[in-house]
Amino acid sequence: MKLILILFSFLFLLKASQEFDFHEKELETEESLSKLYERWRNHHSVSRASHEAIKRFNVFRHNVLHVHKTNKKNKPYKLKINRFADITHHEFRNSYAGSNIKHHRMLRGPKRGSGGFMYENVTGVPISVDWREKGAVTDVKNQQDCGSCWAFSTVAAVEGINKIRTNKLVSLSEQELVDCDNEENQGCAGGLMEPAFDFIKNNGGIKTEETYPYNPYDIGFCRAKNIEGETVTIDGHEHVPENDEEALLKAVAHQPVSVAIDAGSSDFQLYSEGVFTGECGTQLSHGVAIVGYGETENGIKYWIVRNSWGAEWGEGGYVRIERGISENEGRCGIAMEASYPIKFSSSSSAGTTTHESVAPDDVKDEL
Ligand SMILES: *[C@@H]1O[C@H](CO)[C@@H](O)[C@H](O)[C@H]1NC(C)=O
C-alpha cells in the first residue's frame, strides 16, 4: 500500500512537471481538436462553464494552429500551448499585461529619479551576466489575474540590489505596494515602477513576502502598520538613459533592472523558449525585470527577463528577449522605461554609509 502511494505520488509529480505537447494528427479534424482541447483543460485544470465552452474552444483552435504554424518556421523562439491558450490576445492583454505603463507614464510626466546615471562611466562589462547564478533573484512569482506587474518588477529590482549590498536574498512584498502605494499607482488596475521606488524610499522600506504575502483578491486596504518584522530600505532610484541598450547593459551588469515592455502580442502570450524576436510594439503594457544578458551560439544577443506569470510560462518563468536591435527602443520597447533602485548602505536598515558599487567579476570589454 505504501509502495503504491509512493509510486502514485511519483507519477503525479512526473505528470505535473511534464510540458503539455500535441501531435500534428490531433489538429486534423474538429473532433480530434476538440479532444485535444479537453486534454489541455485537464492538464491545466481549467474548467469552463458550458455556455463558454464553445467560445473557448474556438479561441483554443485558433491558438493551437498558430503555435503549430509558428513552430514549423525556423525562428529563434518556439511557442507552446500554455495555460493562456484559450483566451484571446485582447483578454490576455487586459488580464495579465495590464499595468498600462504608458498611460501611467503620461499621467506622471517626465521621469524624475535622482537625476544622474551612476553607471555612465562604466567602460567594461562581462560578456554575459546572470544574477540568478549569483543568488540575487528569488523564485519566479505569479501575479495571477491582476495588473500588478509594476509591483513585481519593482520588487525584483529591490530584492536584487538588497542581496548585492547586504548579501541577503529576501523575498519582498508586492502586496504592500498593491495595497499601500496608491497615490499614483492603482493596485490591480496598473501602475509604474518609478513611483513605487519613491514609495519604498519615503515609506522607510518594504515588508517581506513572508510577513505581507500576495493575495490579488484582497486589495485596497493597507495593512503595513499592523505588520511587524524586517523591512528592506532603498536610498532612491535612477533611470537608465532612454532608448539606449548600451546604457542598459552597463546597469544590468551591476544589478537587476526594472523595465517595461509591450507584452501584448500573441507570440508573447504563447512563448515557450528561445530568444524572442517576434512581433511586439512599443505600447508599454507590462512591467518585468532584466536579471542578466548573454548571447547564443548563433550570435543572437538577448536579455534575460524575469516575468511574473508563474514558472510554467516560458523558460521556467523567464523569457530571453532579443537585445541590440537597430531600433533604439529595443525589442518590445525594453529600453524605453528602465530604472533601478539605489542602495548605498550594506545594512538592511536605513543608513548613510556609501559603498563602492560591487564590480562584476571577470570584467571584459563588450562596449
Ligand atoms: C563621469 O565622468 C565625468 C567626467 O570625468 C564626471 O564629470 C561625472 O561625474 C562622472 N559620472 C559619474 C556618475 O561618476
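A brief report on the enclosed structure follows. (Residues numbered from 1 in each chain as written. Predicted model: local features only at pLDDT ≥ 70, side-chain atom pairs only at ≥ 80, totals over all residues. Heavy atoms only, no water.)

### Quick look at the site of the ligand
Taken together, Phe117, Met118, Glu120 and Asn121 form the complete shell of residues around the ligand. In the environment of the ligand, a nitrogen atom lies 2.9 Å from a nitrogen or oxygen atom belonging to the side chain of glutamate 120. In the environment of the ligand, an oxygen atom lies 2.3 Å from a nitrogen or oxygen atom belonging to the side chain of asparagine 121. Protein chains bury 30% of the 360 Å² of accessible surface belonging to the ligand in isolation. Among the residues forming the shell around the ligand, the class breakdown is two nonpolar, one polar and one charged. (Near = heavy atom within 4 Å. Polar contact = N/O pair within 3.5 Å; in protein donor to acceptor, adjacent residues only side chain to side chain. Areas by Shrake-Rupley, 256 points an atom, 1.4 Å probe, with all protein chains shown as cover. Nonpolar A, V, L, I, M, F, W, Y, C, P; charged D, E, K, R; others polar.)

### Details of the pairing of strand β6 (residues 257–261)
With five of five residues buried, β6 is to be regarded as a mostly interior element. Neither face of β6 is left uncovered, since the one carrying Val257, Val259 and Ile261 and the one carrying Ser258 and Ala260 both have all their residues buried. Sheet topology places β6 next to strand β8 (residues 286–295); five bridges connect them, and they run antiparallel. Counterpart to valine 257 in the pairing with β8 is isoleucine 290. (Buried < 20%, exposed > 50% of the residue type's maximum accessible area, 1.4 Å probe, protein only. Helix = DSSP H or I, 4+ residues; strand = E, 2+ residues; numbered from the N terminus. Pairing = 2+ DSSP bridges.)

### Re the side chain of glutamine 143
One can find glutamine 143 in the loop between β2 (129–130) and α6 (149–166). A residue is classified by how much of its surface remains accessible, and glutamine 143, at 0% relative accessible area, is buried. Reaching out from glutamine 143, the side chain makes a polar contact with the backbone oxygen of cysteine 146 at a distance of 2.8 Å. Here tryptophan 309 takes part through its side chain, which lies 3.5 Å from a polar atom of the side chain of glutamine 143. Apart from residues lying up to four places away in sequence, glutamine 143 is in contact with Ser95, Tyr96, Ser148, Cys149, Phe152, Tyr214, Pro216, His286, Ser308 and Trp309. (Contact = heavy atoms within 4.5 Å.)

### Structural notes on unusual backbone geometry
Unusually for a residue other than glycine, asparagine 167 sits at a positive phi of about 65°. Examined against the element boundaries, asparagine 167 turns out to sit in the loop between α6 and α7 (174–180).

### Things to note about the environment of valine 170
Relative to the helices and strands, valine 170 is located in the loop between α6 and α7. Sequence-wise, valine 170 and valine 137 are 33 residues apart; in three dimensions their C-alpha atoms are separated by 9.1 Å. Those residues in contact with valine 170, other than ones at most four positions away along the chain, are Thr138, Glu159, Asn162, Thr208 and Glu230.

### Let's talk about the packing of helix α5 (residues 101–108) against helix α8 (residues 193–202)
In the contact formed by α5 and α8, the axes pass within 9 Å of each other and the chain directions differ by 65°. By the angle between their directions, the pair α5 and α8 is classed as roughly perpendicular. Facing α5, whose interface residues are Ile101, Arg105 and Arg108, α8 presents Met193, Glu194, Pro195 and Asp198. (Axes fitted to C-alpha atoms, helices over the stretch in contact; angles between N-to-C directions. Parallel < 35°, antiparallel > 145°, perpendicular 65-115°, else oblique.)

### Section: the state of the cysteines
Enumeration over the complete set of coordinates arrives at three disulfides. In this model, cysteine 280 is linked to cysteine 332 through a disulfide, with the two sulfur atoms separated by 2.1 Å. One disulfide, between cysteine 280 and cysteine 332, carries an S-S torsion of -85° and so falls in the left-handed class. With cysteine 280 in the loop between β7 (271–276) and β8 and cysteine 332 in the loop between β10 (318–322) and β11 (339–342), the pair connects residues that are 52 residues apart, well separated along the chain. Residue classification places cysteine 332 among the buried residues on the basis of a relative accessible area of 2%. (Disulfide = S-S within 2.5 Å.)

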